[in-house]
Amino acid sequence: MSTLISQGGRAITKFQMIDRINDIAWQAHQGSVAAIIQLLNEKLAKFGVRTRAIFSDGVLQLLCEAARVEQLEQSPLVEQIQQILESIAPRYIRRVNINSRIVREQQLLWLKEIDCDRENQLLWSQEITLIQPNIVKQLIKDFTEAQAELGKPNFPRTQVSRPLVLINKEKYKNKPQTKILAAAGFCSLLLLSWLVYAQLGNKLKNLMQLETSKSLTTENTNGKKAQIPSRAPKNSLSEPSDEPFAISVRIANQASASGKTAITSTQWLEIAAKWQRASDLMSTVPQKHSRYQEAKIRTQLYKKYSEAAQKEADKNKS
C-alpha cells in the first residue's frame, strides 16, 4: 500500500510539473526571459522580426532583427512590443531597452558588441518603462489562477492512481469544503488589506506631511533666530563709514538753526563749538566713502562758519 501511495504522489507531482512547464505564458509572467522571447517571436513573426533578450543590471535588453530596414520602423515596433510585454506583465521587469539592427549571424556576445560600438551596430535604440499592473487586479488575477489550479484534476487516469483513490475515498470527501474555506479566507484577507489601506492611507500621508511641515517650521524659526544676532555686527561694521558724515551734517544743521536766533556771546560760543565739532567729524570720513570729496569741502566750510561764530561772540563781549 505504501508503494502505491508513493507512486501516486510521484505521478501527481510529475503531472503538475509538466503542466507548468508547458505553460509558456505563466513562465513569462514569472519573469522567464526565455519564455518572454518565445512569446515575442510568436507575435512578431508576421512582421518578419525576431528577438533576443538578456536581463542585465535591472534592465531587459531586447534585440530586434529583421531582413529589411522598413520592417524595423521604430514607432510601430516599439508600440507593439510594449503592448505585448504589458499584457504579459513579467514580474520584476519594469525597464526595457529595445535595440534594432539588420539581421546578422548568431552572436553569443551581441550585447557586448553593441555596447562597444552602438552607432555602427544599431539602427536605433529606445528605452521604455512598462506600466505596473494595479495591485488589486494582480491579486485577483493570482487568486483566479490559484482557483483554476485547484479546479484541475490532481490525478491522471492511470492504473496506479485508481487504487489510491479507492483507498483514500473518505479523505477526499471533505476536499471541496477545504477549497471553499481557503478561497473565502483569501478573499477576506484581500478585502481587509484593501479596507486598511483605504482608511489609513490618507491619514498616514497627512501625518507625514504634518511632521515634515513642523520640522521645516522649526528649522526656519531657528534660522531666523540665528540670523538676528548676525545682522547686528554687520550693521555695526557698516555704520562707521556713514556715521561721521551723517552726524556732522546733523550738528551743522543744529548750528545753522541756532545761528538764526543767537544774541548773546555765550550762544555764539556754543554755535562756534558746534561748527567746529561738525568740521572735526567731517574730516574723519574715509577716502573710500562715496561722498569723500564733498566731505573735504564741508570740512573747510564748517571750519569757516566756526570762526565766524567765534567773531560774533567776541563782538557781543564788548
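Look up a bit, the structure's there.
What counts and what doesn't
Residues numbered from 1 in each chain as written. Predicted model: local features only at pLDDT ≥ 70, side-chain atom pairs only at ≥ 80, totals over all residues. Heavy atoms only, no water. Helix = DSSP H or I, 4+ residues; strand = E, 2+ residues; numbered from the N terminus. Expected span 1.5 Å × (residues − 1). Buried < 20%, exposed > 50% of the residue type's maximum accessible area, 1.4 Å probe, protein only. Phe/Tyr/Trp six-rings, centres within 6.5 Å; stacked < 30°, edge-to-face > 60°. Pairing = 2+ DSSP bridges. Right-handed = clockwise from strand over helix to strand, strands pointing away. Salt bridge = Lys/Arg side-chain N within 4 Å of Asp/Glu carboxyl O.

K.L.:
I would appreciate a short explanation of helix H10 (residues 265-282) in the present structure.
P.N.:
Because an α-helix packs 3.6 residues into every turn, residues spaced three or four apart end up facing the same way. Taking 1.5 Å of rise per residue, the 18 residues of H10 would be expected to cover 26 Å, and the 26 Å separating its terminal C-alpha atoms lies within 8% of that figure. Of all the residues in H10, the buried ones are Ser265, Trp268, Ile271, Ala272, Trp275, Ala278, Ser279, Leu281 and Met282.

K.L.:
Quick question: what am I supposed to make of the packing of aromatic side chains here?
P.N.:
Both the distance between ring centres and the angle between the ring planes are used here to describe each pair of aromatic rings. Going through the model one piece at a time under the given rule, you end up with 2 aromatic pairs. Considering the side-chain rings of Trp275 and Tyr302, the 5.4 Å spacing of their centres and the 45° angle between planes classify their relative orientation as tilted. In this pair, Trp275 is assigned in helix H10 and Tyr302 in helix H11 (residues 292-317), connecting sequence segments 27 residues apart. Residues Trp275 and Tyr302 agree in their burial class; the two are buried.

K.L.:
Explain the pairing of strand E2 (residues 59-66) to me, please; I cannot follow it from the model alone.
P.N.:
Regular strands show a simple pattern: their side chains alternate between the two faces of the sheet. Within E2, 8 of the 8 residues are buried, which leaves the element mostly enclosed by the surrounding structure. Of the two faces of E2, the one carrying Val59, Gln61, Leu63 and Glu65 and the one carrying Leu60, Leu62, Cys64 and Ala66 are both buried. Direction of pairing for strand E1 (residues 50-56) relative to E2: antiparallel, over a ladder of 7 bridges. Note that in E2 the partner of Ile54 across the bridge is Gln61. Between E1 and E2, which follow one another and run antiparallel, lie 2 residues, and Asp57 among them has a positive phi close to 55°. Bridging between E2 and strand E3 (residues 95-102) involves 8 bridges; their strand directions are parallel. When the bridges of E3 are listed, Leu63 appears paired with Asn99. In this region the chain leaves E2, passes through helix H4 (residues 74-88) and returns to the parallel neighbour E3; the handedness of that crossover is right-handed.

K.L.:
I'm lost on the pattern of salt bridges in this one. Help?
P.N.:
Enumeration over the complete set of coordinates arrives at 9 salt bridges. Among the salt bridges present, the one from Arg291 reaches Glu294, with a minimum N-O distance of 3.0 Å. For Glu294, a relative accessible area of 27% puts it in the partly exposed group. The closest approach of N and O atoms between Glu312 and Lys315, which form a salt bridge, is 4.0 Å. Taken together, the residues Glu312 and Lys315, both in helix H11 and 3 residues apart, mark about one turn of the helix. Glu312 sits in the partly exposed class, given a relative accessible area of 29%.

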